[in-house]
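What follows is each chain in one-letter form.
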Amino acid sequence: MEEKKSSILKGKKGLIVGIANERSLAWGIANCIHQHGGELALTYQNDALKKRIIPLATKVNSNNIYEFDIQNYEKTPSFFKNLSQDFGNLDFIVHAVAFSDKEELKGDYVDTTKNNFLNTMEISCYSFTALIREALPFMNEKANFLTLSYYGAEKVIPHYNVMGIAKSALETSVKYLAVDLGKKGFRVNAISAGPLPTLAARSINGFNDMRKAHAERSPLKRNITHEEVANVSSFMLSELSSGITGATIPVDSGYGIMGI
Ligand code: NAD
């Protein structure tokens, strides 16, 4: 029997952007939303990732799977139009997308190239704003947008480099977007997750040291789990969090409160 956690997302339809495989934060979030009664449409970035997403889509009863490159701005309006025709309008969107050249996720930040700076900012920050703008005509009342950030936005984490700058900009975008969309009654938030082993995370030099420091120094003395991020995501996408917008919520075993 499939586990059902609750019905807090029953009747809600959402789009998840950012599943690469079963270790993706986006996959944990999708699975959890499904267990709370939500209905899902999923995207994959390119053909190479398609074979991984098909079995995952089956697990969450999703027949709506689309190839979608978030940088392909020309195709975004038709993507949302088709999605709305096939699946209906949306109650929420989860943006779990980031990228930077792994050659620049080692060494010093000062060596960041212009090309990689701009590309990292575009994929990891601007894409959230652009996605929301194109989605607006296809959103239901009380729509809800969620993105993923990391503590490297606030404090210096060795080798996180340009991604830290992109995450700071992303967290600030969340605040500006919350004001813009608050006029419509829509909400925009981020979750700042502790380090979890995923495809993207593995490209950060010294990622295992990040995990080790987190487990040693956080108040809970352990790393977080995919499920903990997913649980908070379901809460943030549900009416239970209706008073929260413009926020970056830490799911980090408390790591972010520590000084020394
Ligand atoms: P992941 O590699 O599983 O997911 C990253 C996703 O971004 C992939 O699905 C990839 O296809 C997608 N992507 C990149 N460029 C794209 C493009 N042009 N168009 C469409 N999709 C594109 O890794 P993840 O760790 O699950 O990352 C998801 C989010 O969580 C990212 O924003 C990441 O920064 C954030 N995050 C991760 C951690 C962690 O430790 N893993 C911690 C905090 C925040």
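Let us look at the structure shown here. What you are looking at is a predicted structure, and each value in this text was computed from that prediction instead of being measured.

## Overview of the sheet that holds strand 7 (residues 248-251)
Strand order in the open sheet made by the seven strands is 3-2-1-4-5-6-7, with parallel pairing throughout. In this open sheet, the two edge strands, each paired with only one partner strand, are strand 3 (64-67) and strand 7. Neighbour-to-neighbour, the strand axes of this sheet turn through a mean angle of 20°, independent of strand direction. The sheet contacts of helix 2 (residues 47-59) involve strand 2 (39-44) and strand 3, and relative to strand 2 the element is tilted by about 160°. Relative to strand 6 (residues 187-193), helix 7 (residues 226-237) is tilted by about 170°, and along the sheet it contacts strand 4 (90-95), strand 5 (139-149), strand 6 and strand 7.

## A look at the site of the ligand
Contacts to the ligand come from 27 residues, most closely from Ser 24, Gln 45, Lys 167, Leu 196 and Thr 198. Here Ala 20 contributes a backbone N or O atom positioned 3.3 Å from an oxygen atom of the ligand. For the ligand, a nitrogen atom lies 2.9 Å from a polar atom in the side chain of Asp 69. Relative to its unbound accessible surface of 820 Å², the ligand loses 93% to contact with the protein. Of the residues assigned to the shell around the ligand, the class counts are 18 nonpolar, seven polar and two charged.

## Regarding the packing of aromatic side chains
Applying the stated criterion to the full structure yields eight aromatic pairs. Aromatic pair Phe 80 and Phe 138: ring centres 6.3 Å apart, planes at 10°, arrangement stacked. Of this pair, Phe 80 sits in helix 3 (residues 76-87) while Phe 138 sits in the loop between helix 4 (114-135) and strand 5, and the two are 58 residues apart along the sequence. Side by side, Phe 80 and Phe 138 carry an identical accessibility label, which is buried. When the centroid spacing of 5.6 Å and the interplanar angle of 85° are considered together, the rings of Tyr 151 and Tyr 255 count as edge-to-face. Separated by 104 residues along the polypeptide, Tyr 151 in the loop between strand 5 and helix 5 (161-182) and Tyr 255 in the segment after strand 7 bring together distant segments of the chain. Put simply, the rings of Tyr 66, Phe 68, Phe 79, Phe 80 and Phe 138 touch in pairs and so form one group of aromatic residues. Sitting over the ring of Phe 87, Lys 13 keeps its end group 4.9 Å from the ring centre.

## Describing the environment of Ser 242
By the secondary structure assignment, Ser 242 is in the loop between helix 7 and strand 7. Assessed through its relative accessible area of 46%, Ser 242 is described here as partly exposed. With 141 residues separating them along the chain, Ser 242 and Asp 101 place their C-alpha atoms 37 Å apart.

## Concerning the environment of Arg 211
With respect to the helices and strands, Arg 211 occurs in helix 6 (residues 207-217). Assessed through its relative accessible area of 23%, Arg 211 is described here as partly exposed. Spatially, the C-alpha atoms of Arg 211 and Phe 92 are 30 Å apart, while their sequence positions differ by 119 residues. The contacts of Arg 211, once residues within four sequence positions are left out, are Pro 195, Leu 196, Pro 197, Asn 223 and Ile 224.

## Observations regarding the environment of Ser 24
Along the chain, Ser 24 turns up in the loop between strand 1 (13-17) and helix 1 (25-35). The sequence separation of Ser 24 and Gly 11 amounts to 13 residues, and the corresponding C-alpha distance is 25 Å. Of the polar contacts made by the side chain of Ser 24, one reaches the backbone nitrogen of Ala 20; its length is 2.9 Å.

## Points about the nonpolar core
Residues Ile 16, Ile 19, Ile 33, Leu 42 and Val 229 are the most contacted members of the largest nonpolar core, which totals 33 residues. Where this core is concerned, the elements lending two or more residues are helix 1, strand 2, helix 2, strand 4, strand 5, strand 6 and helix 7. When residues of this core are assigned to their parent elements, the largest contribution, seven residues, is made by helix 1. Apart from residues no more than four positions distant in its own chain, Ile 16 is found in contact with Ala 26, Ala 30, Ile 33, Leu 40, Ala 41, Leu 42, Thr 43, Phe 92 and Val 94. In terms of nonpolar packing, the next biggest core, distinct from the first, is built from 31 residues, Tyr 66, Phe 80, Leu 131 and Phe 145 among them.

Rules behind the numbers
Residues numbered from 1 in each chain as written. Predicted model: local features only at pLDDT ≥ 70, side-chain atom pairs only at ≥ 80, totals over all residues. Heavy atoms only, no water. Pairing = 2+ DSSP bridges. Helix = DSSP H or I, 4+ residues; strand = E, 2+ residues; numbered from the N terminus. Axes fitted to C-alpha atoms, helices over the stretch in contact; angles between N-to-C directions. Contact = heavy atoms within 4.5 Å. Near = heavy atom within 4 Å. Polar contact = N/O pair within 3.5 Å; in protein donor to acceptor, adjacent residues only side chain to side chain. Areas by Shrake-Rupley, 256 points an atom, 1.4 Å probe, with all protein chains shown as cover. Nonpolar A, V, L, I, M, F, W, Y, C, P; charged D, E, K, R; others polar. Phe/Tyr/Trp six-rings, centres within 6.5 Å; stacked < 30°, edge-to-face > 60°. Buried < 20%, exposed > 50% of the residue type's maximum accessible area, 1.4 Å probe, protein only. Lys NZ or Arg CZ within 6 Å of the ring centre and 35° of its normal. Core = buried A, V, L, I, M, F, W, Y, C linked by side-chain atoms within 4.5 Å.

Geometric descriptors of this kind do not, in isolation, establish any biological role.
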